[in-house]
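# Summary of structural features
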Amino acid sequence: MTLTTLPTPPDLSITPRDRRFGREAATPRLWHGGRVEATAIYNALSTTFPAGEAYFVESVRAFRDGAPPKLAEEIKGFTTQEAIHSREHDAFNRRAEQSGYDLSRLEAQVEKRLAISRARPPIVNVAATMALEHFTAIIAHELLANPRHLEGAESETADLWRWHAVEEIEHKGVAYDTWLHATRHWPRSKRWKVKAKVMLYVTRNFVVDRTAGSLELMRQDGVTGFRAWAMLLRYLWVRPGMFRKIAGAWLKFFLPGFHPWNEDDRYLLDSYAANAGGSESKRKVRRAA
Ligand SMILES: [Fe+2]
Ligand SMILES: [Fe+2]
C-alpha cells in the first residue's frame, strides 16, 4: 500500500469540535449508573488520556516534516483534536478526584509506561501510537454503535465520551498513515513484524494496566477480591462486553492489507451529529498544531 492508494476517504475532514464538559456542576462519584465497576473502568481509561494523548501528538509530529500535504493537514487536525481531548479528560479526572477518588497510582503507572516508550527510537513511538489509535478507534466504534455501553450514565459525562469517540473515529487513520509514510522504504515483512510485535506489547500493557487501575478504583469504593474480579470481567466480556465486541476488529489489525479506513464507519458520526442537533455542528477552532 502506498500513500497514494490509501483507503482514507478523500473527502474526510478532521474537524476539532472545541467542547467543554462538566464545568457547571460536580460529577457524581458513581456517574456511570451508580455502578462501581462501570465507573471504575471508564475512570481508569480516562486517567490515560491527558498524558497518553500528548504522547500520541509528539510521536506523530516527529514525522510531520516531509509528509505529503494531505497527510500534513490531517496531522494538524489530529493534534488539535488530541490536545482538546487531553484538556477535557484532565478536567474530568480532576472531577473524579473531587468526588473522592485518588488517581495518583493510576497516573504514575501511565507516566512509567510513557517514560519507557520515550526512551525508544521515534519509529517505535509512532508504531505504539498507531497500535493504540487502532485500539481507541475500535472502542470508539463500539461505544457509538451500541448504546448499552453508556446506558444509565450521567448525561454530560456520557456526552464527553461520545464526543471523544466521534473524533477518534474521524482521525483513526492519521497515525497509521504517518507510520506508513515513515516506513515507506521498509520491506513489507519487516513492517508487519514490527507492527504485530508492537500491537501485542501495547495490548498486554493496556489490559494489565487498565485491569489493575479499575480494581484499584473499585477497592476505593470498598469492592475487592473475587467479587471485584467477577464484576469487572462480566462487564468487560459479557454484558455489555466491550472486549468481546472489539475482539474481531482487533484481530483485523494483523491481516495483510489492513488499514483503519477499510471500514468506513462515518455513518456513526452522522448519526451522532443528527442526534445532537445544532450544538454538535462542526465548529472550526484555532489550530493548536
Ligand atoms: Fe483522543
Ligand atoms: Fe486518537
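Residues numbered from 1 in each chain as written. Chains lettered and ligands numbered in written order. Predicted model: local features only at pLDDT ≥ 70, side-chain atom pairs only at ≥ 80, totals over all residues. Heavy atoms only, no water.

## Remarks on the coordination of the iron ion (ligand 2)
Around the iron ion (ligand 2), the donor atoms from the protein are Glu-82 (OE), Glu-133 (OE), Glu-133 (OE), Glu-168 (OE), Glu-168 (OE) and His-171 (NE2), and they sit 2.0 to 2.7 Å away. Around the iron ion (ligand 2) sit six donor atoms, and with donor-metal-donor angles ranging over 52 to 152° the site reads as irregular. Counting the intervening residues between successive donors of the iron ion (ligand 2) yields the motif E-x50-E-x34-E-x2-H. Here the iron ion (ligand 2) and the iron ion (ligand 1) are spaced 3.7 Å apart, with Glu-82 acting as a shared donor. Taken as a pair, Glu-133 in helix α4 (residues 122–145) and His-171 in the loop between α5 (155–170) and α6 (174–182) lie far apart in primary sequence, 38 residues in all. Judged by its relative accessible area of 1%, Glu-133 is buried. (Donors = N, O, S within 2.8 Å, 3.2 Å for Na, K, Ca; no water. Tetrahedral: all angles 85-135°; square planar, octahedral: opposite > 155°, others 65-115°. Helix = DSSP H or I, 4+ residues; strand = E, 2+ residues; numbered from the N terminus. Buried < 20%, exposed > 50% of the residue type's maximum accessible area, 1.4 Å probe, protein only.)

## Things to note about unusual backbone geometry
The residue after Arg-239, namely Pro-240, is reached through a cis peptide bond having omega 0°. With respect to the helices and strands, Pro-240 occurs in the loop between α8 (225–238) and α9 (242–252).

## Some remarks on the coordination of the iron ion (ligand 1)
Protein-derived coordination of the iron ion (ligand 1) comes from Glu-53 (OE), Glu-53 (OE), Glu-82 (OE), His-85 (ND1), His-164 (NE2) and Glu-168 (OE), at a distance range of 1.9 to 2.6 Å. Its six donor atoms give the iron ion (ligand 1) angles of 55 to 168° at the centre, a pattern that matches the irregular case. Written as a sequence motif, the donor arrangement for the iron ion (ligand 1) is E-x28-E-x2-H-x78-H-x3-E.

## Observations regarding the side chain of Asn-93
Structurally, Asn-93 is set in helix α2 (residues 69–98). The exposure class assigned to Asn-93 is buried, which follows from its relative accessible area of 1%. Looking at Asn-93, its side chain comes within polar contact range of the side chain of Ser-46, at 2.6 Å. Discounting chain neighbours no more than four positions away, the residues touching Asn-93 are Ser-46, Thr-47, Pro-50, Leu-103 and Glu-107. (Polar contact = N/O pair within 3.5 Å; in protein donor to acceptor, adjacent residues only side chain to side chain. Contact = heavy atoms within 4.5 Å.)

## Some words on the packing of helix α3 (residues 104–118) against helix α7 (residues 188–220)
Where α3 contacts α7, the two axes come as close as 10 Å, and the packing angle between them is 165°. Taken together, the axes of α3 and α7 lie roughly antiparallel to each other. Considering only the axes of α3 and α7, their crossing is right-handed. Here Arg-105, Leu-106, Gln-109, Val-110, Arg-113 and Ile-116 of α3 come into contact with α7, specifically with Tyr-201, Arg-204, Asn-205, Asp-209, Arg-210, Gly-213, Glu-216 and Leu-217. Across the contact of α3 with α7, the residue classes break down as five nonpolar, three polar and six charged. (Axes fitted to C-alpha atoms, helices over the stretch in contact; angles between N-to-C directions. Parallel < 35°, antiparallel > 145°, perpendicular 65-115°, else oblique. Left-handed = near helix turned anticlockwise from the far one by under 90°. Nonpolar A, V, L, I, M, F, W, Y, C, P; charged D, E, K, R; others polar.)

## Quick look at the packing of α4 against α5
α5 packs onto α4 with a crossing angle of 125° between their chain directions and a minimal axis gap of 8 Å. Viewed along their axes, α4 and α5 adopt a mutual orientation that is oblique. Here the hand of the crossing between α4 and α5 comes out left-handed. Across the interface between the two elements, Glu-133, Thr-136, Ala-137, Ala-140, His-141, Leu-143 and Leu-144 of α4 pack against Trp-161, Arg-162, Ala-165, Val-166, Glu-168 and Ile-169 of α5. Tallied by class, residues from the contact of α4 with α5 come to eight nonpolar, two polar and three charged.

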